[in-house]
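# Structural features, examined
What follows is the residue order along each chain.
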Amino acid sequence: MKNLYTTLIFLFFSSASIAVAAPYAAIVVNANNDAVLHEQNADVRLHPAGLTKLITLYAAFDAIRLNEFTLDDMVTISEKSAAESAVSVGLNAGWKIKARYLIRAVGVKGANDAATALAEGISGSEAEFVDELNRTSKRLGLTGSSWSNAHGLTEYGHLSTARDISTLMLSHKREFPDFFNLFGRLSTDAGTRIVSSSSKRVLTSIEGVEAARYGYTRAAGFCAAVYVTRGSRSIVVVVNGANSTKDLVDRLSALIDAHI
């Protein structure tokens, strides 16, 4: 019966995605054994939008783990980071802010200005940080990913896949459990102000979502990666190319219900 349900979901969303400007892709992975339970266009290289923050934060947490960076390091906001397009937390050039607040702004709000500032604070420049992202990507086996910035706004060559994004979400859960709750917060103190989660609709609409990272650009469509636990079973679901937040939540819900 579940196989029939999955087939109907696939047929429905395959036809529905014809109307979506951004390419549709999805993957469902068993978090306990890495078995792929469902995939569609999972290796197609697409614009990752705000899901980029998963690799940015992975690199940040890795730097903290290696004692190359600390949560209390003070980061000076550059003109470049202050000028990043929305979503932002309103950073001004010349401000000094603790890294912990930038990490919260990136992980919860998905703030682009904070992502660039964090990159500069860790590596000295966003360009150097991007080089680190690509080295990290290779080490993690993200064969479909190439990164051009720290925030995910559309840029030539800045691409990833649903499969790679699922690997990143699993890597966060396994390697940085002390930070994982960041992706489940509905709000946080970002240093400049209290900000709401850009993933709030996903977190509050679907039962069992422990963690979510949401993104949108015109090139990417609406996309999300979620870690879901119901009972003793956990899965990671990634969806790219939905045509609205509601469509995204509906697609995630259907895939979760079919595989957990």
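Data block above holds the structure.
Let me sum up the structure you'll find in this document.

Procedures and definitions
- Residues numbered from 1 in each chain as written.
- Predicted model: local features only at pLDDT ≥ 70, side-chain atom pairs only at ≥ 80, totals over all residues.
- Heavy atoms only, no water.
- Helix = DSSP H or I, 4+ residues; strand = E, 2+ residues; numbered from the N terminus.
- Rg over C-alpha atoms; globule rule 2.2 N^0.38 Å.
- Buried < 20%, exposed > 50% of the residue type's maximum accessible area, 1.4 Å probe, protein only.
- Contact = heavy atoms within 4.5 Å.
- Areas by Shrake-Rupley, 256 points an atom, 1.4 Å probe, with all protein chains shown as cover.
- Lys, Arg positive; Asp, Glu negative; His and termini not counted.
- Charge placed at Lys NZ, Arg CZ, Asp CG, Glu CD.
- Pairing = 2+ DSSP bridges.
- Expected span 1.5 Å × (residues − 1).
- Axes fitted to C-alpha atoms, helices over the stretch in contact; angles between N-to-C directions.
- Parallel < 35°, antiparallel > 145°, perpendicular 65-115°, else oblique.
- Nonpolar A, V, L, I, M, F, W, Y, C, P; charged D, E, K, R; others polar.

With that out of the way, let us pick up the overall build of the protein. When you go through the protein residue by residue, the secondary structure sums to 9 helices and 9 strands. Taken over the C-alpha trace, the protein has a radius of gyration of 17 Å; the compact-globule value for 260 residues is 18 Å, and the two agree within 12%. Principal-axis analysis of the C-alpha atoms gives the protein an extent of 60 × 35 × 35 Å. Per-residue burial over the protein gives 53% buried out of 260 residues. A sequence separation of at least 24 residues applies to 63% of the contacts in the protein between residues at least 6 apart. Summing over all exposed atoms, the protein offers an accessible surface of approximately 10800 Å²; the carbon and sulfur share of this is 51%. In the protein, which carries 26 positive and 25 negative side-chain charges, the distance between the mean positions of the two groups comes to 5 Å.

On to the pairing of strand β9 (residues 233-242), then. Of all 10 residues in β9, 9 are buried; the element is thus mostly enclosed. When strand β1 (residues 25-30) meets β9, the two strands line up antiparallel, connected through 6 bridges. Opposite Val 29, over in β9, you have Val 236 as the bridge partner. Between strand β8 (residues 221-230) and β9, which pair antiparallel and follow one another directly, the connecting turn spans 2 residues, one of which, Gly 231, has a positive phi of 65°.

Moving on, we get to the environment of Leu 54. Within the secondary structure, Leu 54 sits in helix α2 (residues 53-65). The buried category is assigned to Leu 54, whose relative accessible area is 0%. Spatially, the C-alpha atom of Leu 54 lies 24 Å from that of Asn 92, the residues being 38 residues apart in sequence. Setting aside residues up to four positions removed in sequence, Leu 54 forms contacts with Ile 165, Leu 168, Met 169, His 172, Phe 183, Arg 213 and Ala 225.

Another aspect to go through is helix α5 (residues 112-123). In this model α5 runs 17 Å from its N-terminal to its C-terminal C-alpha over 12 residues, within 8% of the 16 Å that 1.5 Å per residue would give. Within α5, 9 of the 12 residues are buried, which leaves it mostly tucked inside the rest of the structure. Where α5 is buried, its residues contact α2, β3 (74-76), α3 (79-82), α4 (99-109) and α6 (126-140). A positive backbone phi angle near 95° is found at Gly 124, which sits one or two residues after α5.

When two helices pack together, their arrangement is given by the angle between their axes and by how far apart the axes lie. One way to put it is that α2 packs onto α6 with a least axis distance of 10 Å and a crossing angle of 90°. Between α2 and α6, the crossing angle belongs to the class labelled roughly perpendicular. In this structure, α2 contributes Ile 55, Thr 56, Tyr 58, Ala 59 and Asp 62 to the contact, and α6 contributes Phe 129, Leu 133, Thr 136, Arg 139 and Leu 140. When the residues that make up the contact of α2 with α6 are grouped by side-chain class, the tally is 6 nonpolar, 2 polar and 2 charged.

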